[in-house]
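# An overview of the molecular structure
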2 protein chains.
Amino acid sequence: MNTASESSAQGTRTRDRILSTAARLFSQKGYEHTPLSHVAREAQVSKALILWHFDSKEDLFRAALGRTLEPYYIDVGDLSSLDEGVQITRLIDLYVKFVRDNGYSVRFIVDLIVRQSGPDEVMSQVNELYSLFRDMLAQAIERGRATGRFRADVDPQLDAALLLSTLDGMLMERFIGDEKSPINPEQQIEHLKQTVLGRLLG
Amino acid sequence: MNTASESSAQGTRTRDRILSTAARLFSQKGYEHTPLSHVAREAQVSKALILWHFDSKEDLFRAALGRTLEPYYIDVGDLSSLDEGVQITRLIDLYVKFVRDNGYSVRFIVDLIVRQSGPDEVMSQVNELYSLFRDMLAQAIERGRATGRFRADVDPQLDAALLLSTLDGMLMERFIGDEKSPINPEQQIEHLKQTVLGRLLG
DNA sequence: GTCTATATACAGATAGAC
DNA sequence: GTCTATCTGTATATAGAC
């Protein structure tokens with residue numbers, strides 16, 4: 001927040017434009033490859049104005065990241081009425097949809113994770129979302145075991161972690177863009193569902 | 001020419017030192033965060049000398065990447081005499097060992113993949129290794145099916161791809177460094193092996 | 001082959017007018 | 001709030017002596 005007076009309706013709009021422009025460019029080309037001059041040009045303001053609104057480039061980066069992460073929540077809806085096996089496949093579909101909907105910014109976040117260059121608060125936010133999803137998987141498995149629909153020897157924690165790893169791996173492989181692979185993603189997701197259910201239902 | 005050949009021997013050693021230094025620094029801190037001045041200091045030469053040996057920083061980068069990838073091969077040894085189930089677990093162990101042995105450079109390569117900023121020849125080399133490994137998995141599964149040790153309805157291609165995805169996901173999660181996870185990596189690998197064999201053996 | 005010195009470019013950031 | 005003009009640092013790359 002700047003210390004200017006309240007008569008800054010125009011400034012707020014401009015600030016907002018800078019922010020969304022920065023969020024887009026950082027996501028597309030990364031922090032290093034996005035000079036302020038580029039943000040300035042796209043947002044149609046001067047570099048100096050950006051640095052009036054934000055103390056530094058890094059400050060802008062943090063603010064823009066917050067915006068990038070805004071849509072990062074998962075709306076699971078109400079799963080409790082569903083058969084546990086369906087709950088699992090529903091959660092898998094949500095993961096896939098999430099990755100598809102947030103396309104380029106997911107790549108950006110993954111990049112930050114790999115390079116361990118993200119601000120701590122962002123990383124913990126991602127971590128939060130991550131373990132939240134794993135817990136939902138674990139709970140669904142636990143319920144399935146409790147109701148007797150799943151095998152008695154499933155391990156909610158381990159099986160949830162295993163499934164999540166597989167989903168993460170499939171996400172990664174989207175980045176590789178392996179043309180040699182004879183298998184398309186949809187087919188692979190389908191096979192994952194069947195395999196997981198095969199394991200859980202025994 | 002006498003002087004030239006003496007100098008040449010010296011120069012080769014120096015060039016080599018520049019190359020290995022660059023490979024190390026690029027892997028550790030990335031291309032952007034490794035100025036030539038840093039490479040020069042660590043290799044104990046001048047910046048100018050680096051640019052005498054290599055046409056540009058990017059040229060140095062490509063050459064250094066080649067060196068980074070040198071140990072990127074997988075020595076599978078002779079698997080054919082082993083039980084197919086053991087072959088699978090052996091391949092899993094090789095993957096894990098590979099990632100552990102090549103630690104920081106794997107992170108670097110993954111970074112290049114995610115940002116799609118690697119030179120084409122490097123990316124295709126990685127892709128080559130990748131599909132090679134997947135094919136080995138698929139072949140082991142195929143043999144297991146042929147000998148009747150594995151279920152008749154396993155799908156070598158799909159199951160190999162699924163397993164590889166899981167391994168990739170586990171690799172990714174090493175980067176996240178999730179402290180909240182109640183599960184350690186070894187435990188998870190062990191669980192993966194059991195689950196995969198459970199699936200294949202039926 | 002290797003160096004010092006320098007050219008050139010462009011990044012982030014500041015000063016001050018309006 | 002927003003601009004133009006400028007400062008300052010640092011990057012890659014070149015020139016030329018040895």
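Residues numbered from 1 in each chain as written. Chains lettered and ligands numbered in written order. Predicted model: local features only at pLDDT ≥ 70, side-chain atom pairs only at ≥ 80, totals over all residues. Heavy atoms only, no water.

### Observations concerning the confidence of the model for chain A
Low pLDDT marks regions whose predicted coordinates should not be analysed in detail. Just so we agree on the cut-off: What pLDDT conveys is the predictor's confidence in a given residue, as a value from 0 to 100. Between two residues, a contact is recorded if the distance between any of their heavy atoms is within 4.5 Å.
Averaged over every residue, the pLDDT of chain A is 91; residues scoring 70 or more account for 95%. The model gives residues 1-7 of chain A a pLDDT under 50, and that stretch makes 4 contacts with residues more than four places away or in other chains.

### A few points about the interface of chain A and chain B
Put simply, the rule reads: Here's the idea: put two parts together, see how much 1.4 Å probe accessible area each one loses, and the total over both is what we call buried area. The working definition used for a salt bridge is a side-chain nitrogen of Lys or Arg within 4 Å of a carboxyl oxygen of Asp or Glu.
Facing the 40 residues of chain A at the interface are 40 residues of chain B. Three residues stand out in chain A for area buried against chain B, namely V114(A), L158(A) and H191(A), and they jointly supply 16% of the buried area on that side. Remark: the boundary between chain A and chain B carries 2 salt bridges. For R115(A), the salt bridge identified is with D111(B), shortest N-O distance 3.8 Å.

### Details of the relation of the copies chain A and chain B
The two chain copies are connected by a rotation around an axis plus a translation along it. Cut-off, in case you're wondering: The least-squares superposition of copies is restricted to C-alpha atoms, and to residues with a pLDDT of at least 70 in both copies.
You can overlay chain A on chain B at an RMSD of 0.1 Å; the transform is a turn of 180° with a shift of 0.0 Å along its axis. Interpreted geometrically, this transformation is the action of a two-fold axis.

### Focus on the pattern of salt bridges
All names here are of chain A. Test applied: A helix here means a DSSP run of H or I that spans at least four residues, while a strand means a run of E at least two residues long, and both kinds are numbered starting from the N terminus.
Scanning the model with the defined rule gives 26 salt bridges over all chains in all. D93 serves as the salt-bridge partner of K193, at 2.7 Å between the closest nitrogen and oxygen. In this pair, K193 is assigned in helix α9 (residues 185-201) and D93 in helix α5 (residues 84-101), connecting sequence segments 100 residues apart. Across the pair E142 and R145 runs a salt bridge, and its minimum N-O distance is 2.8 Å.

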